[in-house]
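Overview (structure and organization)
What follows is the residue order along each chain.
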Amino acid sequence: MPASRRGSGSVTLLTGQTIAIHTRTQDEEDLPHATKKTMADHLRKYESLFTLTPQRMRMIVEAFTETLELGLNKPNQIVPMIPTFVFGWPTGQEKGDFLALDLGGTNLRVCLVTLQGEGKFEITQTKYRLTEDQKQDDGQKLFDFCAECLNTFVETNMGEGEGQLKPGQCLPLGFTFSYPCSQERIDHGELIRWTKGFGAGNTEGRDVAAMFKKSLEKFQLPIQLTALINDTTGTLIASHYVNPRTKIAVIFGTGCNAAYMEHVKDVPKIENLGIDPAAEMAINCEWGAFDSFEHEHLPRTKYDTIVDDTSNKPGEQAFEKLISGRYLGEILRLVLCELIDEGVLFLGQNTYKLERPYIFDTAFLSLMESDPTDELLMVIGIFTHFFALETTLAERQFFRALAKLIGRRAARLSACGIAAIVSKMGYLEEGCSVGADGSLYNKYPGFADRVHEGLQDIFGDKGRNIITHHAEDGSGVGSAIIAAMTKNRKDAGLYLHV
Ligand code: BGC
């Protein structure tokens with residue numbers, strides 16, 4: 001890029017894509033545009049809509065904590081607080097080869113994990129992109145595709161040479177299926193509802209582990225489905241494997257959710273199962289569903305309502321829709337569309353490209369927020385390259401400020417969820433580590449800092465005792481560790497509930 005930052009250049013996005021950048025010296029005069037003052041007035045309006053005060057956050061935490069309790073007390077609640085049948089923490093000594101299959105949101109991943117003990121592991125993996133059709137088509141077909149990818153992976157990586165499977169050898173598989181499933185045992189899971197835009201038919205209400213086993217049989221693979229897990233549960237276990245201070249795991253990615261370790265005696269709804277009350281079991285909260293349908297506690301703007309009403313699951317995943325990567329870009333896009341309709345933005349330009357739902361990727365918010373240039377060259381690049389729109393500096397500053405408001409609200413709401421678990425479990429005084437993963441947490445600039453700032457707004461100085469850190473790969477390594485823990489329990493004759 002020229003030192004003067006005039007003229008044209010290019011910038012490579014985090015995604016690897018290269019975009020053209022054009023800077024102009026007289027952009028304020030080229031096209032009709034909103035004045036700096038108009039943009040500042042609009043920004044004030046959005047500031048009041050998207051800002052969460054510490055007091056409001058504490059109210060949310062209180063309602064959230066009650067909701068978590070309710071989910072533990074009674075079955076079939078909105079926030080289902082799912083017992084996972086993952087009993088206690090790993091010892092760090094789990095060893096052996098395990099397969100992990102990860103069906104999360106955007107990709108399908110197959111991993112071979114070698115656990116070496118002492119918290120060490122090696123991983124070989126392949127990713128497959130899912131098409132929109134596969135997400136909406138018949139569920140059995142989706143699982144057939146998973147089995148097919150697994151087959152290719154096994155043939156490629158374990159067909160010959162050093163890693164070749166021995167005759168009669170059967171590999172344990174951990175299946176990370178990151179959607180709410182109610183479980184009766186660890187290799188069972190009835191899909192409560194699809195989330196994150198998935199909608200494959202004939203799947204909700206059915207045991208996805210059984211469906212997947214059926215697909216596995218078609219390929220006659222030497223694989224045994226040992227555990228069906230959620231990505232948060234995997235993250236909890238994998239993070240604890242390497243950092244035993246971890247007590248909670250959270251995912252802030254395409255979707256959002258949390259898991260933590262609970263005392264069985266404090267889960268009244270499973271009293272009838274006769275599990276030792278002194279035992280511990282991981283709980284998959286499925287907190288993305290907090291405040292669904294009723295919309296009593298969360299501050300929803302009209303843009304959030306539109307996102308919800310036009311989604312494939314109106315009313316559902318109310319908390320997730322304010323936070324997760326699938327929705328943040330769309331929220332910003334809806335604000336821009338409103339200002340286009342009001343005749344404030346892009347006068348005289350064709351805005352059709354921006355009018356397509358979900359076209360504004362959440363990655364653009366990250367990029368806008370991290371633009372280091374005074375002229376906001378990255379923002380220019382995004383709008384010219386992807387939407388064929390010219391922008392003024394005042395508009396670009398407004399877009400960036402708006403991204404900040406939306407990103408900050410997401411992080412502060414995330415802090416409310418973490419605070420609810422911390423309060424419920426009484427972790428504030430002693431403090432705890434929270435293993436966190438997902439594209440938003442890992443790639444959005446300042447997300448973690450904003451979560452920490454939110455925790456201090458809720459708890460005061462003591463909020464500093466709660467620290468999030470980048471988690472180990474829960475869906476791959478965590479899944480393998482859980483498969484290993486389950487195998488060890490079985491080998492030790494603990495058949496009940498494994
Ligand atoms: C799902 C959870 C998952 C989370 C993060 C949510 O939409 O319901 O099961 O843990 O996304 O992937």
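Below, the structure is looked at part by part.

Quick notes on the rules
- Residues numbered from 1 in each chain as written.
- Predicted model: local features only at pLDDT ≥ 70, side-chain atom pairs only at ≥ 80, totals over all residues.
- Heavy atoms only, no water.
- Helix = DSSP H or I, 4+ residues; strand = E, 2+ residues; numbered from the N terminus.
- Rg over C-alpha atoms; globule rule 2.2 N^0.38 Å.
- Buried < 20%, exposed > 50% of the residue type's maximum accessible area, 1.4 Å probe, protein only.
- Pairing = 2+ DSSP bridges.
- Axes fitted to C-alpha atoms, helices over the stretch in contact; angles between N-to-C directions.
- Contact = heavy atoms within 4.5 Å.
- Near = heavy atom within 4 Å.
- Polar contact = N/O pair within 3.5 Å; in protein donor to acceptor, adjacent residues only side chain to side chain.
- Areas by Shrake-Rupley, 256 points an atom, 1.4 Å probe, with all protein chains shown as cover.
- Core = buried A, V, L, I, M, F, W, Y, C linked by side-chain atoms within 4.5 Å.
- Phe/Tyr/Trp six-rings, centres within 6.5 Å; stacked < 30°, edge-to-face > 60°.
- Salt bridge = Lys/Arg side-chain N within 4 Å of Asp/Glu carboxyl O.

1. So, the overall build of the protein chain
Along the backbone of the protein chain there are 16 helices and 15 strands. Rg of the C-alpha trace for the protein chain: 24 Å, near the compact-globule value of 23 Å for 498 residues, within the 12% margin. Considered along the principal axes of its C-alpha atoms, the protein chain spans approximately 80 × 50 × 40 Å. Residues classed as buried in the protein chain amount to 58% of the 498 residues present.

2. Considering the sheet that holds strand β11 (residues 246–252)
Read from one edge to the other, the open sheet built from six strands follows the order β3-β13-β12-β11-β14-β15, with strand pairing classed as mixed. Both edges of this open sheet fall to β3 (82–87) and β15 (466–470), since each of them pairs with a single strand only. The sheet shows a mean angle of 30° between the axes of neighbouring strands, taken without regard to direction. Of the pairings in the sheet, the one linking β11 to strand β14 (residues 432–437) comprises five bridges and is parallel in character. Pairing of A249 across the sheet is with G435, part of β14. Those strands touched by helix α13 (residues 393–425) are β11, β12 (256–263), β14 and β15, and its axis lies near 5° from that of β12. Relative to β15, helix α15 (residues 447–459) is tilted by about 165°, and along the sheet it contacts β11 and β15.

3. Re the site of the ligand
Taken together, 15 residues are adjacent to the ligand, and T195, N230, D231, E286 and E320 come closest. Contact distances for the ligand include 3.3 Å between an oxygen atom and a backbone N or O atom of S178. Between the ligand and Y179 there is a distance of 3.3 Å, counted from an oxygen atom to a backbone nitrogen or oxygen. Against a free-state accessible area of 310 Å², the protein chains account for coverage of 98% of the ligand. Secondary structure elements with two or more residues in the shell around the ligand: α7 (231–242) and β12.

4. Things to note about the environment of F387
Along the chain, F387 falls in helix α12 (residues 377–387). A residue is classified by how much of its surface remains accessible, and F387, at 1% relative accessible area, is buried. Along the primary structure F387 and L428 are separated by 41 residues, whereas in three dimensions their C-alpha atoms are 46 Å apart. What F387 contacts, discounting residues up to four positions off in sequence, is N350, K353, L354, I359, F360, F364 and I382.

5. Let's talk about the nonpolar core
Among the nonpolar cores identified, the biggest contains 122 residues, and F252, W287, F383 and I418 are the most heavily contacted of them. Ranked by residue count, the leading element in this core is α13, at 18 residues. In this structure W287 touches F64, V79, V250, F252, C256, N257, A258, F319, S414, G417, I418 and I421, once residues within four positions along its chain are discounted. In this structure, L103, V110, F143 and F153 belong to the second largest nonpolar core, which totals 38 residues.

6. So, the packing of aromatic side chains
Counting across every chain of the model gives 31 aromatic pairs. Seen from their ring centres, Y179 and F198 are 5.1 Å apart, and the 50° between their planes marks the pair as tilted. With Y179 in the loop between β7 (171–177) and β8 (181–182) and F198 in the loop between β9 (190–191) and α6 (208–219), the pair connects residues that are 19 residues apart, well separated along the chain. With a relative accessible area of 0%, F198 lands in the buried category. Seen from their ring centres, F364 and F387 are 6.0 Å apart, and the 85° between their planes marks the pair as edge-to-face.

7. Some details on the pattern of salt bridges
For the structure shown, the criterion picks out 26 salt bridges. K120 is paired through a salt bridge with E118; the nearest N and O atoms lie 3.5 Å apart. The closest approach of N and O atoms between K218 and D144, which form a salt bridge, is 2.8 Å. Of this pair, K218 sits in helix α6 while D144 sits in helix α5 (residues 139–158), placing them 74 residues apart in sequence. Through salt bridges with shared partners, one network takes in R408, R412, E453 and D457.

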